[in-house]
Amino acid sequence: MRLLVFGGRDYDRRDIAFLALDHLHWRLGIEAVIHGAATGADETGGLWACARGIECFAVPADWGNISHADALIRIGKGGRKYDARAGARRNALMLAEYRPTRALEFPGGPGTFDMRRRCDAAGVPVFQVYEREHRPIYEAIWPLELWR
């Protein structure tokens, strides 16, 4: 399976992420991990792949390239211009060029929602990791019930 890993930049539950990835690898066999090279969930997916000796493709967004015809130019910290559509463009590229067969979604924000929407439109099945305060970590992985 070629697995696309995506989620929020603030996602810091490496224990849950590694558990989810180990479970998917055990059940379905992960041949490659594809991620957007951002901090948080993406970075964790890449670290997991490296730790397990699995091929990994990091696909960073080209925030500094404001020459695209559809670029949405914003001013960031320090007064630097950037293309606010670079993340969405990178998301489309990951699906088109790296052709994941499944995806693993961690909690996140608008960029995560965009990637989920694109996966759904492309017919890429998405597993979702979520957390519940009142449940043990091993129950935080969905869809465990599909494998019972």
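Residues numbered from 1 in each chain as written. Predicted model: local features only at pLDDT ≥ 70, side-chain atom pairs only at ≥ 80, totals over all residues. Heavy atoms only, no water.

J.: I'd like a rundown of the packing of aromatic side chains, residues and numbers included.
T.: Applying the stated criterion across every chain yields a total of three aromatic pairs. When the centroid spacing of 5.0 Å and the interplanar angle of 40° are considered together, the rings of Tyr11 and Phe106 count as tilted. Of this pair, Tyr11 sits in the loop between strand E1 (2–6) and helix H1 (14–28) while Phe106 is found in the loop between strand E6 (102–105) and helix H4 (110–122), placing the two residues 95 residues apart along the sequence. For Tyr11, a relative accessible area of 9% translates into the label buried. When its relative accessible area of 1% is taken as the criterion, Phe106 is described as buried. Centre to centre, the rings of Trp63 and Tyr82 are 6.4 Å apart; their planes meet at 70°, and the pair counts as edge-to-face. A residue pair is termed long-range when its members are at least 10 positions apart, and Trp63 in the loop between strand E3 (55–58) and strand E4 (73–75) and Tyr82 in strand E5 (residues 81–83) qualify at 19 residues. According to the relative accessible area criterion, Trp63 is partly exposed, its value standing at 33%. Taking the relative accessible area as the measure of exposure, Tyr82 reaches 29% and is therefore partly exposed. (Phe/Tyr/Trp six-rings, centres within 6.5 Å; stacked < 30°, edge-to-face > 60°. Helix = DSSP H or I, 4+ residues; strand = E, 2+ residues; numbered from the N terminus. Buried < 20%, exposed > 50% of the residue type's maximum accessible area, 1.4 Å probe, protein only.)

J.: Let's hear about helix H3 (residues 86–98): which residues, and what values?
T.: Taking 1.5 Å as the rise per residue, H3 with 13 residues should run 18 Å; its terminal C-alpha atoms sit 17 Å apart, in good agreement. For H3, the complete set of buried residues consists of Ala86, Gly87, Arg90, Asn91, Met94 and Leu95. The elements touched by buried residues of H3 are E1, strand E2 (32–35), E5 and H4. Just beyond H3, the residue with positive phi is Arg99, at close to 45°. (Expected span 1.5 Å × (residues − 1). Contact = heavy atoms within 4.5 Å.)

J.: I'd love a proper account of H4, names of residues and values included.
T.: An ideal rise of 1.5 Å per residue puts 18 Å on 13 residues; H4 measures up with 18 Å between its terminal C-alpha atoms. For H4, every residue scored as buried is listed here: Thr112, Asp114, Met115 and Cys119. Along the axis of H4, the buried residues cluster in a sector spanning 160°; they form a single face. Relative to its buried face, H4 has exposed residues pointing more than 90 degrees away, namely Pro110, Phe113 and Ala121. Buried residues along H4 sit in contact with E1, H3, E6 and strand E7 (126–129). Gly123, located one to two residues past H4, shows a positive phi value of around 75°. (Arc of directions from axis to C-beta.)

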